[in-house]
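Chain by chain, the residues:
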Amino acid sequence: MSDKNTEIRKGLYGVVVDETAVSKVVPETNSLTYRGYPVQELARYCSFEEVAYLLWNGELPSQEELIRFSAREKALRHLDRHLIDLITSMPKSCHPMDVLRTAISFIGSQDPEAYTRDSEHIRRTALELMAKIPTIIALDIRRRRGEGYIEPSRKKGFAENFLWMVFGEEEGSPANSRADIEAFDKSLTLYAEHSFNASTFAARVITSTMSDTYSAIVGAIGALKGPLHGGANEAVMHNFLEVDDPAKAEEWAKNKLANKELVMGFGHRVYKKGDSRVPTMEAAFKELAEQHDQTKWVEMYDIMAKTMYENTSIQIRPNLDFPAGPAYYILGFDIEFFTPIFVMARITGWTAHIVEQNENNSLIRPLSAYNGEEQRPVPPKSF
Ligand code: COA
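Residues numbered from 1 in each chain as written. Predicted model: local features only at pLDDT ≥ 70, side-chain atom pairs only at ≥ 80, totals over all residues. Heavy atoms only, no water.

### Looking at the sheet that holds strand β2 (residues 31-34)
Then, in step 1: In spatial order, the strands read β1-β2-β3; together these three strands make up an open sheet with antiparallel pairing. Each having just a single partner strand, β1 (23-26) and β3 (37-38) make up the two edges of the open sheet.
Then, in step 2: Pairing of β1 with β2, which is carried by four bridges, proceeds in the antiparallel orientation. Paired with lysine 24 across the bridge in β2 is threonine 33. (Pairing = 2+ DSSP bridges. Helix = DSSP H or I, 4+ residues; strand = E, 2+ residues; numbered from the N terminus.)

This is how it looks when you write it as structure tokens:
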């Protein structure tokens with residue numbers, strides 16, 4: 001068969017490349033489960049720490065297991081002097097995802113056992129990265145604002161500690177209320193895992209070459225950064241700010257469609273009838289907007305969602321980034337940190353997949369259909 005007749009699934013559209021027991025997406029029923037549990041129920045009843053434990057161990061922790069797991073995570077949150085110096089020496093003009101990517105590379109260089117492929121070692125690495133990534137992000141947020149580094153707490157829960165390190169306010173204060181902590185914690189659970197998305201697949205490709213965990217995570221961060229993937233949550237908020245007025249939202253969306261421009265935060269490669277994570281995040285976003293007296297974003301959200309649905313032949317709907325973007329804005333995070341915050345959550349899913357890929361590995365190496373010049377001889381030199 002000539003290359004021209006080869007069926008090509010551009011973007012691996014609809015191609016099943018391997019099995020996984022980490023999560024299951026069923027687009028027909030808008031369902032997403034982590035290790036068998038519906039993500040909506042996990043967001044409602046479990047903390048992000050419990051979800052991380054579940055993704056790595058296959059089962060939810062008992063109370064004792066959770067206490068031990070959380071204590072280990074809290075003990076790993078600090079950064080050493082060299083890493084702090086590296087982060088603070090990076091240009092403030094670079095994207096925070098570049099800082100995170102560099103920091104993970106550096107942590108990998110300090111691990112003498114980086115190439116160990118044993119699952120227990122990978123899980124330990126995963127826990128260390130889960131613990132340190134929020135500290136790296138918070139340090140980067142504060143140094144760009146001209147504020148000093150706040151040491152991680154050894155007592156606070158994961159979500160609360162992050163808000164503490166970013167805003168320096170104790171629980172109960174306006175920038176660290178129980179409602180803010182809960183909404184943020186939910187978003188982390190919703191962002192934690194999503195089967196063979198582009199960044200997870202990138203991590204699995206790198207792992208399949210028998211490379212190390214840190215390299216796989218660095219590659220995944222690079223993939224997540226793009227606006228068609230994780231970068232969309234930042235783009236969403238830039239769009240909200242550009243529109244700024246609910247009265248302009250409908251026209252803005254219609255213009256985008258008329259100009260055949262992508263509207264970030266809409267559409268999905270797998271879900272074609274709605275993203276299973278949106279109702280939970282949308283409710284959390286709307287509650288935050290009420291509590292912070294910022295309901296104008298909700299008005300814009302509803303108008304844009306309705307306009308996109310009614311004016312596209314495929315009745316396009318929001319994906320998780322559409323409610324997550326304005327929710328993070330209301331929480332007070334700087335927009336360029338929305339995707340790094342996504343990493344804080346997705347590190348759990350990535351590393352669960354790295355373990356799985358390692359335990360049943362086959363080099364990922366697809367074929368391509370050649371469409372260049374026919375074979376030809378190198379011409380005699382005329383010079
Ligand atoms: N805005 C406007 N039109 C969109 C759109 C969007 N966000 N997403 C898809 N479409 C259009 C496509 O251009 C295509 O139009 P066409 O048939 O005229 O070419 C049609 O809808 C079908 O697209 P589809 O095949 O379903 O998209 P995909 O699976 O190739 O792409 C995404 C999926 C996520 C890359 C795409 O929806 C997108 O770019 N969304 C915006 C970025 C984003 O929010 N990413 C985060 C994903 S969680």
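### Observations concerning the environment of glutamate 336
Then, in step 1: In this fold, glutamate 336 is placed in the loop between α15 (321-331) and α16 (338-359).
Then, in step 2: Remark: the alpha-carbon pair of glutamate 336 and glutamine 315, spanning 21 residues in sequence, is separated by 30 Å.
Then, in step 3: Setting aside anything within four residues of it in sequence, one finds glutamate 336 in contact with His95, Pro96, Arg144 and Glu234. (Contact = heavy atoms within 4.5 Å.)

### Some thoughts on the layout of surface pockets
Then, in step 1: If you add up the space inside the second largest pocket, you get close to 370 Å³.
Then, in step 2: Residue lining of the second largest pocket: 17 residues in total, with Arg9, Leu12, Pro366, Leu367 and Ser368 positioned closest to the centre.
Then, in step 3: Looking at the lining of the second largest pocket, its residues break down into 10 nonpolar, three polar and four charged. (1 Å grid on protein atoms, 1.4 Å probe; cavity = no way out; pocket = protein on both sides within 12 Å on 5 of 7 lines; lining within 4 Å. Points joined across faces, edges and corners; volume = space filled by probe spheres on them. Nonpolar A, V, L, I, M, F, W, Y, C, P; charged D, E, K, R; others polar.)

### Focus on the UniProt feature "active site" (unreviewed entry) in the protein
Then, in step 1: In the numbering used here, UniProt assigns the feature "active site" (unreviewed entry) to His268 and Asp321. Annotated residues spanning 54 residues; largest pairwise C-alpha distance 10.7 Å, indicating a single compact cluster.
Then, in step 2: Looking at where histidine 268 falls in the secondary structure, it is placed in the loop between α12 (246-258) and α13 (278-291).
Then, in step 3: Contacts of histidine 268, omitting those with residues within four sequence positions, involve His194, Asp275, Arg277 and Asn319.
Then, in step 4: Here valine 270 takes part through its backbone nitrogen, which lies 2.9 Å from a polar atom of the side chain of histidine 268.
Then, in step 5: With respect to the helices and strands, the residue aspartate 321 is situated in helix α15.
Then, in step 6: Discounting chain neighbours no more than four positions away, the residues touching aspartate 321 are Tyr191, His229, Ala232, Asn233, Val236, Gly265, Pro326 and Phe342. (UniProt positions renumbered as here; feature names shortened; annotations may be inferred. Polar contact = N/O pair within 3.5 Å; in protein donor to acceptor, adjacent residues only side chain to side chain.)

### Focus: the packing of aromatic side chains
Then, in step 1: Tallied over the full model, the rule gives 19 aromatic pairs.
Then, in step 2: Each ring, one from phenylalanine 240 and one from tryptophan 297, has its centre 6.2 Å from the other, and the planes form 75°; the classification is edge-to-face. Highlighted residues: phenylalanine 240 in helix α11 (residues 232-243) and tryptophan 297 in helix α14 (residues 296-310), separated in sequence by 57 residues. Tryptophan 297 shares its class with phenylalanine 240; the two are buried.
Then, in step 3: On the basis of an interplanar angle of 75° and a centroid distance of 5.7 Å, the ring pair of tyrosine 328 and phenylalanine 338 is categorised as edge-to-face. Of the two residues, tyrosine 328 sits in helix α15 while phenylalanine 338 sits in helix α16, which places them 10 residues apart along the sequence.
Then, in step 4: Judged by its relative accessible area of 0%, phenylalanine 338 is buried.
Then, in step 5: Through a chain of ring-to-ring contacts, the aromatic side chains of Phe162, Phe167, Phe184, Tyr191, Tyr328, Phe333, Phe338 and Phe342 assemble into a single cluster.
Then, in step 6: Seen from the ring of tryptophan 164, lysine 156 lies directly overhead, with NZ or CZ sitting 5.0 Å from the centre. (Phe/Tyr/Trp six-rings, centres within 6.5 Å; stacked < 30°, edge-to-face > 60°. Buried < 20%, exposed > 50% of the residue type's maximum accessible area, 1.4 Å probe, protein only. Lys NZ or Arg CZ within 6 Å of the ring centre and 35° of its normal.)

### Considering helix α5 (residues 96-109)
Each α-helix turn comprises 3.6 residues. Residues three or four places apart therefore point the same way.
Then, in step 1: With 14 residues, α5 ought to run about 20 Å at 1.5 Å a step, and its terminal C-alpha atoms sit 20 Å apart, in line with that.
Then, in step 2: Along α5, the residues that are buried comprise Pro96, Met97, Asp98, Val99, Leu100, Ala103, Ile104, Ile107 and Gly108.
Then, in step 3: For α5, the elements touching its buried residues are α4 (81-89), α6 (119-144), α10 (213-225) and α16. (Expected span 1.5 Å × (residues − 1).)

### Quick word on the site of the ligand
Then, in step 1: Lining the immediate surroundings of the ligand are 20 residues, of which Val263, Gly265, Phe266, Arg269 and Lys272 lie closest.
Then, in step 2: Leucine 228 has a polar backbone atom sitting 3.0 Å from a nitrogen atom of the ligand.
Then, in step 3: One of the side-chain nitrogen or oxygen atoms of asparagine 319 is found 2.9 Å away from an oxygen atom of the ligand.
Then, in step 4: About the coverage of the ligand: the protein hides 65% of its 870 Å² of free accessible area.
Then, in step 5: Residues of the shell around the ligand, tallied by class, amount to 11 nonpolar, five polar and four charged. (Near = heavy atom within 4 Å. Areas by Shrake-Rupley, 256 points an atom, 1.4 Å probe, with all protein chains shown as cover.)

### Brief notes about empty space enclosed by the protein
Then, in step 1: For the structure on display, the rule yields one cavity of 30 Å³ or more.
Then, in step 2: In terms of lining, the largest cavity is formed by Ala114, Tyr115, Thr116, Arg117, Ile122, Thr207, Ser211, Asp212, Thr213, Ile354 and Asn358.
Then, in step 3: When its residues are assigned to classes, the lining of the largest cavity shows four nonpolar, five polar and two charged.

### A look at the side chain of glutamine 357
Then, in step 1: Along the polypeptide, glutamine 357 turns up in helix α16.
Then, in step 2: Classification of glutamine 357 by relative accessible area gives buried; the value is 1%.

### A word on unusual backbone geometry
Then, in step 1: For serine 195, which is not a glycine, the phi torsion comes out positive at approximately 50°.
Then, in step 2: Along the polypeptide, serine 195 turns up in the loop between α8 (178-191) and α9 (198-208).
Then, in step 3: For serine 195, a relative accessible area of 17% gives the class buried.
Then, in step 4: Its identity is not glycine, yet glutamine 315 carries a phi of approximately 50°, on the positive side.
Then, in step 5: Following the sequence through the fold, glutamine 315 ends up in the loop between α14 and α15.
Then, in step 6: Note on glutamine 315: relative accessible area 35%, which makes it partly exposed.

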